[in-house]
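Summary of structural features
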Amino acid sequence: MQVVRISAFVVVGTLFLVALWALRRRLHARELELARKAQELAASRAAEQRLCEELAEARRAEEEARKAREEAVTASRSKSAFLANMSHELRTPLNSILGFAQLVERDPSLADRHRENLAVICKSGEHLLGLVNDILEMAKIEAGRMTLVDAEFDLHDTLSGLSEMFAVEAQKRGLTLTVEREQDVPRHVHGDEGKLRQVLINLLGNALKFTPRGSVTLRASARRATGAHDGAAAGRVRVSFEVTDTGRGMAKAELAELFEAFAQTTTGRQSREGTGLGLHISRRIVRMMGGDIRVESQVGRGTTLRFDVRLSLADAPDARAGGAARAPAALRAVGLSPGQPRYRVLVVDDRWDVRHCLLKLLDSVGVEARSATNGLGAVAQWETWAPHLVLLDLRMPLLDGYEAASRIKASARGHETVVVAMTASAFEQNRALAAEAGCDDFVSKPFRDADILGLLTKHLGARFDYEERPAEPGAAQGAPAVDLARAAAGLPAALRKDLRRAATRLDAKAVQATLDRFRPEDADLAGAVAELARGYRFDSILALSSADEEEPS
C-alpha cells in the first residue's frame, strides 16, 4: 500500500515537472515572439521616422523649388523691364539724332561740306542703331521674348529694296552686287518681313564688308509645299536664299564657332566692326521661321551662306505688311501734290525733341500739325480739332498711349480717325497690345521721313511731289566705279604699307598725306580713297591696302 502511495507521488511529481517544463517552453516562446514583435515595432518606427524625414525633405525641396520659380519669374520680369527701359532710353535719343539730321538735310541751301558732315552723322547713327539692335535682340532671345509678326508683304519688292540699299556701298568698294530671283519665287506672301530683311541685311552686309574685290551675289528660289511630307500644308512655300561672295573666306576651324554669340572670325576681328552677334541672331530667326543656315567657305576663295524659310502664299495682291507704303527711295518729298485736302495730324509724345522733329517734318511738306504732351492732351485735342491722323507715343505720364487710343476709338467719330502707335520698345508684343487698344498701325523709333510720310499715303491717300536727292558723298558720278582693289594692288609696297598703317591708326591726315604721294600718278584712286577717308571708312581703306596680301595662292 505504501509502495502504491509512493508511486502515485512520483507520477504526480513527474506530471507536474512535465507541465512546468511545457509552461516554461511556452513562456520562452512567448518571450521570443514578444522580442520579435518588439524588433518589428522598432523597425516600423525607424521606417516611419525615415518616412517623416523624407516627407520633410520633400517639403523643403518643394519650398525651395517654389522659391526658385518665384525668383526666376522675378528675374525674368526684371530683365524684361530692364530691356524695355534700355530699349526706350537708347532708341529715343537715336531717334532725335537721326530725325534732326534728316530735317537739316532737307534744307536746299545746305552747303556740300555740311551735307557730307550730315552723311557721316547719319551713317554713324545707323551703325550705332545696328549695334543697339543686335544687343537688344540677343537680350530678347535670352529672355524668350523674340516672336514672329506674321503679315502680308511683297517679296519681290523686298529683294529689290535690298539691291537698292546695298548698291552704293558695293560701288564704293569697287564690287559687283547682283540680286538674282528665279521665276518660281512668289511675289505676295505671308510671313515676318522685318525678320527676313534683318537676316538678309546681316548676310549681305558681312559679305560686302569682308570682300576686298570681286562680287557679292544674292540668289532666291522657291519650292511649293505639296503636303505633310514637306512639313507644311498646301498653300505654303519654302523660299531659299543664298549669299555668295569672292572674299577672304574662312578656315574650317573658324566655321565651328561662326554662329556662336560674341564670337568673331579672324577677318571679323581685323575689321574692328560689329559685336559678333549678327550671325547668331540670324540663325535663331531662321530656325524660328522653319529653316536653318548652312555655310561653305574656302580661305582666299570666298564664302556661301544658304538658308530657307517657310512662308504662306497670299491671295490679295495689293496688301503690304509692317506699316507704311514706301516712297521712292532715291527721292525726297517736298510737298503735297496739288488738289488735295489740308491734312491734319496730331503728334503726341512727352519728349519735346520728338514732337519738334515731327512737327517740322510735317510742316515742310504742307501738312497741318499740332502736338500734345500726354494722353489727356491727345484726347482733348482730338475732341476739339478732329485730326485725320494721330501719331501716339505709347509710353507717357498721366495717361499712356494705350488708354488714350481706347478713349478715342470708343466713339463712332473715333473710328474715322487713324491712330498710329509710336514706341521705342524692342518688344513686338507692344504691337499686339496697341492693336487691342484700337490703334490702326504701328511705327518703331527711330523712324525715317519716308516712314511717317508713307503712313499718310497708306491711311489717308496723301500724294507727294518729290525731288531728286543730292548724291551721297562718295558715290560714283557718271562713269562706272573704278576697280579700287585692282588699282590699289598696283601701288608700290611702301605706299600700301604707309596707307595701311594710317588706316589702322584711324588717322585721316596721315591717309591724305599718303594719297598726295601718288595722286599725280593715279588721281582716280586717290580721289576715291579720299572719299572713303572723309566718310571714316577706314575699314575699306585697310581692306584695299591689304588686298594684295590676301590673294589666293
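Here the residue numbering is sequential within each chain, running from 1 through the sequence in written order. For a predicted model such as this one, the threshold for reporting local features is a pLDDT of at least 70, and the threshold for listing and counting side-chain atom pairs is 80 or more; totals across whole chains, interfaces and linings nevertheless cover every residue. With hydrogens and water excluded, all non-hydrogen atoms of the structure serve as input to the side-chain values.

**Concerning the overall build of the protein chain**
Under the scheme used here, helices are H or I runs from DSSP no shorter than 4 residues and strands are E runs no shorter than 2 residues, and both carry numbers assigned from the N terminus. A tally of helices and strands in the protein chain yields 17 helices and 14 strands. The cut-offs for exposure are 20% and 50% of the maximum accessible area for each residue type, with area from a 1.4 Å probe on protein chains only; residues under the lower value are buried, those over the upper are exposed, and the others partly exposed. Residues classed as buried in the protein chain amount to 42% of the 553 residues present. Counted over contacts in the protein chain with a minimum sequence separation of 6, partners at least 24 positions apart contribute 73%. We call two residues in contact whenever any of their non-hydrogen atoms come within 4.5 Å of each other.

**Describing the nonpolar core**
Residue types Ala, Val, Leu, Ile, Met, Phe, Trp, Tyr and Cys, when buried and joined through side-chain atoms within 4.5 Å, form a set referred to as a nonpolar core. Membership of the largest hydrophobic core comes to 34 residues, with the highest contact counts inside it found for Leu196, Phe241 and Phe307. Sorting the residues of this core by element identifies helix H3 (155-172), helix H4 (193-209), strand S4 (215-224), strand S5 (236-245), helix H7 (278-288) and strand S7 (302-313) as the ones contributing at least two each. No other element matches the 7 residues that H4 contributes to this core. Here Phe241 is in contact with Leu155, Leu159, Leu196, Leu200, Leu218, Arg219, Ala220, Leu305, Arg306, Phe307 and Val309, once residues within four sequence places are set aside. Counting residues in each nonpolar core, the second largest holds 26 residues, with Leu336, Val367, Leu456 and Phe464 among its members.

**Remarks on helix H14 (residues 493-504)**
By this rule the span expected of a helix is its residue count minus one, scaled by 1.5 Å. With 12 residues, H14 should reach 16 Å at 1.5 Å per residue; the first-to-last C-alpha distance of 16 Å fits that figure. By the burial criterion, the buried members of H14 are Leu495, Arg496, Leu499, Ala502 and Ala503. The buried residues of H14 all sit within an arc of 130° when viewed along its axis, so they share a single face. Picture the helix axis, draw a direction to every C-beta atom, and the arc is the one those directions span.

**Things to note about the sheet that holds strand S11 (residues 389-393)**
Two strands qualify as a pair provided that DSSP identifies no fewer than 2 bridges between them. Strand order in this open sheet of 5 strands is S10-S9-S11-S12-S13, and the pairing throughout is parallel. Pairing within the sheet leaves two strands with one partner each, and these edge strands are strand S10 (368-372) and strand S13 (441-444). Sheet twist, expressed as the average angle between the axes of neighbouring strands with direction ignored, equals 20°. Helix axes are fitted only over the stretch in contact, all axes being lines through C-alpha atoms; the angle between N-to-C directions runs from 0 to 180 degrees. Lying over the sheet, helix H10 (residues 401-409) contacts S11 and strand S12 (418-423), oriented at roughly 155° with respect to S11.

**So, unusual backbone geometry**
With a phi angle near 55°, Ala386 is a residue other than glycine that sits in the positive phi range. The residue Ala386 is located in the loop between helix H9 (375-385) and S11 in this model. The exposure class of Ala386 is partly exposed, given its relative accessible area of 28%. Even without being glycine, Leu398 reaches a positive phi, approximately 65°. In this fold, Leu398 is placed in the loop between S11 and H10.

**Structural notes on the packing of aromatic side chains**
Only centres within 6.5 Å qualify two rings of Phe, Tyr or Trp (six-membered ring in Trp) as a pair; their planes then separate them into stacked at under 30 degrees, edge-to-face at over 60, and tilted for everything else. Under the defined criterion, the tally for this structure stands at 1 aromatic pair. With a centroid separation of 5.1 Å and an interplanar angle of 25°, the aromatic rings of Phe241 and Phe307 are classed as stacked. Linking Phe241 in strand S5 with Phe307 in strand S7, this pair joins segments that are 66 residues apart in sequence. Taking the relative accessible area as the measure of exposure, Phe241 reaches 2% and is therefore buried. Positioned above the aromatic ring of Trp382, the side-chain terminus of Arg413 is 4.2 Å from the ring centre. Whether a charge sits over a ring depends on NZ of Lys or CZ of Arg being within 6 Å of the ring centre and within 35 degrees of the ring normal.

**Some thoughts on the pattern of salt bridges**
Only one rule defines a salt bridge in this text: a Lys or Arg side-chain nitrogen within 4 Å of an Asp or Glu carboxyl oxygen. All chains considered together, the criterion is met by 20 salt bridges. Residues Asp441 and Lys458 are paired through a salt bridge, measuring 3.1 Å at the closest nitrogen-oxygen approach. Remark: Lys458 occurs in helix H12 (residues 449-460) and Asp441 occurs in strand S13; sequence separation between them is 17 residues. Among the residues examined, Lys458 registers a relative accessible area of 37% and is labelled partly exposed. Bridged by salt links that share partners, the residues Glu180, Arg219, Glu242, Glu296 and Arg306 form one connected network.

**Some details on the packing of H14 against helix H15 (residues 508-518)**
At a minimum axis separation of 8 Å, H14 and H15 run at an interaxial angle of 160°. What the angle tells us is that H14 and H15 run roughly antiparallel. In the packing of H14 onto H15, the handedness of the crossing is left-handed. Taken together, the residues of H15 that come into contact with H14 (itself represented by Leu495, Asp498, Leu499, Ala502 and Ala503) are Ala510, Val511, Thr514, Leu515, Arg517 and Phe518. The residue inventory of the contact of H14 with H15, partitioned by class, reads 8 nonpolar, 1 polar and 2 charged. Working rule for angles: under 35 degrees goes down as roughly parallel, over 145 as roughly antiparallel, 65 to 115 as roughly perpendicular, anything else as oblique. The handedness criterion is simple: a crossing whose near helix is rotated anticlockwise from the far helix by less than a right angle is left-handed, and one whose near helix is rotated clockwise is right-handed. We call Asp, Glu, Lys and Arg charged. Ala, Val, Leu, Ile, Met, Phe, Trp, Tyr, Cys and Pro are nonpolar, and the rest, Gly among them, are polar.

**A few points about the side chain of Thr217**
By secondary structure assignment, the location of Thr217 is in strand S4. For Thr217, the contacting residues outside a window of four places in its chain are Thr178, Glu180, Glu242, Val243 and Thr244.

**Some points on the pairing of S11**
Here S11 lies mainly inside the structure; 5 of its 5 residues are buried. In this sheet, S11 lies alongside strand S9 (residues 344-348) in parallel orientation, the contact comprising 4 bridges. By the bridge assignment for S11, Val345 is matched with Leu389. For crossovers, right-handed means that the path from the first strand over the helix to the second runs clockwise, given strands pointing away from the viewer. Of the crossover connections in this fold, the one passing from S11 over H10 to the parallel S12 is right-handed.

**Focus on a nonpolar patch on the surface**
What makes a patch is a set of residues exposed beyond 30% relative accessible area and free of salt bridges, joined within 9 Å when like-charged and within 5 Å when nonpolar (Val, Leu, Ile, Met, Phe, Trp, Tyr). Each accessible area is a Shrake-Rupley result for a 1.4 Å probe, and residues are judged covered by the shown protein chains and nothing else. A cluster of nonpolar side chains, Phe16, Leu17, Leu20, Leu23 and Leu27, forms an exposed patch at the surface whose accessible area comes to about 520 Å². By the secondary structure assignment, Leu27 is in helix H1 (residues 2-105).

**Notes on the confidence of the model for the protein chain**
Every residue carries a pLDDT, the predictor's confidence in it, which falls somewhere between 0 and 100. Overall, the predicted model of the protein chain reaches an average pLDDT of 75, with 73% of residues at or above 70. When the elements of the protein chain are averaged for pLDDT, helix H6 (residues 266-271) gives the smallest value, 48, and S9 the largest, 92. pLDDT under 50 marks residues 317-330. Its contacts with residues more than four places away, or in other chains, come to 33 contacts.

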